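# Structural overview for review
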Amino acid sequence: MTNNRSRPALPAVRNRRRIEGRSARVSRRVGVVATALAGTGVLSLVLYASRCREPLSVMGTGLLVTGAVTVVGAGVGFLFGVPRALAAQREDGDPPGEPRPTYAANTNLEQVSDWLTKLLIGAGLTQLGTLARLFKRLCRDLAPSFGARTDSAVFAGALVVEFLILGFLSGWLVTRLLLAPALSEADSKALSSFVEAQKLSDRGEHDEADTLRALALEQLQAPLREAQRYDDLRRRLPSGTNRTTQMQALVDAARTSAPQSGLLPEQVREFFDRGGDGGRVYALALMQGVPDAAYLDAVLDAVERSRSAFEQHQALVAAESMIPHLAQPDRNRLAAVLRAHLDPGGFLAQSRGRRLLAERILQALRAADDKEAVD
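Time to look at the nonpolar core. Ranked by size, the top nonpolar core spans 45 residues in total, and within it Met287, Val299, Leu334, Leu338 and Ile361 carry the most contacts. Taken together, the elements giving at least two residues each to this core come down to α8 (222-236), α9 (241-261), α10 (265-274), α11 (277-289), α12 (296-304), α13 (309-322), α14 (328-342) and α15 (352-374). With seven residues, α11 is the largest single contributor of residues to this core. Discounting chain neighbours no more than four positions away, the residues touching Leu338 are Val303, Leu316, Leu348, Ala358, Ile361 and Leu362. Counting residues in hydrophobic clusters, the runner-up holds 16 residues, among them Ala34, Val58, Phe146 and Leu166.

Below, the structure written as structure tokens:
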């Protein structure tokens, strides 16, 4: 059993090493290009200052200006380069069973970055004329510090543009190359803890396994974060196709990550029982990813006492995935609940999509009963 578990991890390890090696090569190339650009700018400053009456003063001012604009550019590049949490960005064309990279990061920075980026782009596009005038004024104001020559304003403007762009590209690339892997590494450590906890559980060391899972959950905080994102979507967006699509994206990501989460059925059920609206839906998504007969009571509760039509739909999807794992008494319980709510006036009867899904589940339950009778 141990060998079977470890074997699938080998391609992932090789893939991670390949990606890390590629990132290291890109980082080195970026460093060479950035150093060359910075060296060219500083060399130009030295040559220019040598032809001025006060070269040291011009050199000091130039270095101070280049440092300031580089920091500003790097800050803007950081805002543009902050990686987005991928849990809510699953594309429609992605295979449902294909795992996607994810990391356990607080999304406040991502939201601030997104807001500031849009603000900067919007303000820049609407104030292009004003920005041009301000840039000309800046060049004129800097000209006296660069020797007050006829070409001082031009040289100051060129210096500002070069190091502003250099700072932006450096900040953006460093953020993309270093921040995302750092966040992913934190996520990988938590997932590794879940794998180790499962090994301890297989050896009968259940107390140690539960402790390790609790520590990993505290580190990862994925269920709480994704449940909160679901609640935020329901509160922030109006009812409609767009909100449903985004909520479904969260469910798809949770379902895909369920096999790697290492969560036991008891832990998923506890999260369902203690969670709010988002917690219940997130737990149902985990149940869809790793079906188990132990989830039947929670699924029936979500069907009979659902807090939203979306939650009931997810409960039906979970119920359908559980059918191969249910014994006949459990199949009878599920069928009885579905028939009761398919009656006129029942919650399932109010929606064509949920009604068709419930009827499909009933057909699958009858097929499972017939197959068991023949066997």
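Structure's up, so let's keep going.
All chains considered together, the criterion is met by three aromatic pairs. Aromatic pair Tyr48 and Phe155: ring centres 4.1 Å apart, planes at 5°, arrangement stacked. With a gap of 107 residues between them, Tyr48 in helix α2 (residues 9-50) and Phe155 in helix α6 (residues 152-202) connect regions that are remote in the sequence. Note on Phe155: relative accessible area 14%, which makes it buried.

We now examine the side chain of Arg354. Examined against the element boundaries, Arg354 turns out to sit in helix α15. Summary of buried charges: Arg354 has no salt-bridge partner, and the nearest side chain of opposite charge, Glu311, is 11 Å away. A polar contact is formed between the side chain of Arg354 and the side chain of Gln312, at a distance of 2.8 Å. Apart from residues no more than four positions distant in its own chain, Arg354 is found in contact with Ala309, Gln312, His313, Leu316, Phe347 and Leu348.

Reading guide: rules and limits
- Starting from 1, residues in each chain are numbered consecutively following that chain's sequence as written.
- In keeping with the predicted nature of the model, local features appear solely for residues at pLDDT of at least 70, side-chain atom pairs appear and are counted solely at 80 or more, and the whole-chain, interface and lining totals rest on all residues.
- Hydrogen atoms and water are omitted, and side-chain values are computed over all heavy atoms in the structure.
- Nonpolar cores are built from buried Ala, Val, Leu, Ile, Met, Phe, Trp, Tyr and Cys residues. Side-chain atoms within 4.5 Å join them into one set.
- Type-normalised accessible area, obtained with a 1.4 Å probe on protein chains alone, sets the label of each residue: buried when under 20%, exposed when over 50%, and partly exposed for intermediate values.
- Going along the chain from the N terminus, every DSSP run of H or I of four or more residues is numbered as a helix, and every run of E of two or more is numbered as a strand.
- Pairs of residues are marked as contacts when any of their non-hydrogen atoms sit within 4.5 Å.
- The pairing test for Phe, Tyr and Trp rings, Trp by its six-membered ring, is centres within 6.5 Å, and the orientation test on the planes gives stacked under 30 degrees, edge-to-face over 60, and tilted for anything in between.
- We treat Lys and Arg as the positive residues and Asp and Glu as the negative residues; His and chain ends play no part in the count.
- One speaks of a salt bridge when a side-chain nitrogen belonging to Lys or Arg is within 4 Å of a carboxyl oxygen belonging to Asp or Glu.
- Here a polar contact is recorded for every N or O atom pair within 3.5 Å, except that within protein the pair must consist of a potential hydrogen donor and a potential acceptor, and residues adjacent in sequence are included only if both atoms are side-chain atoms.

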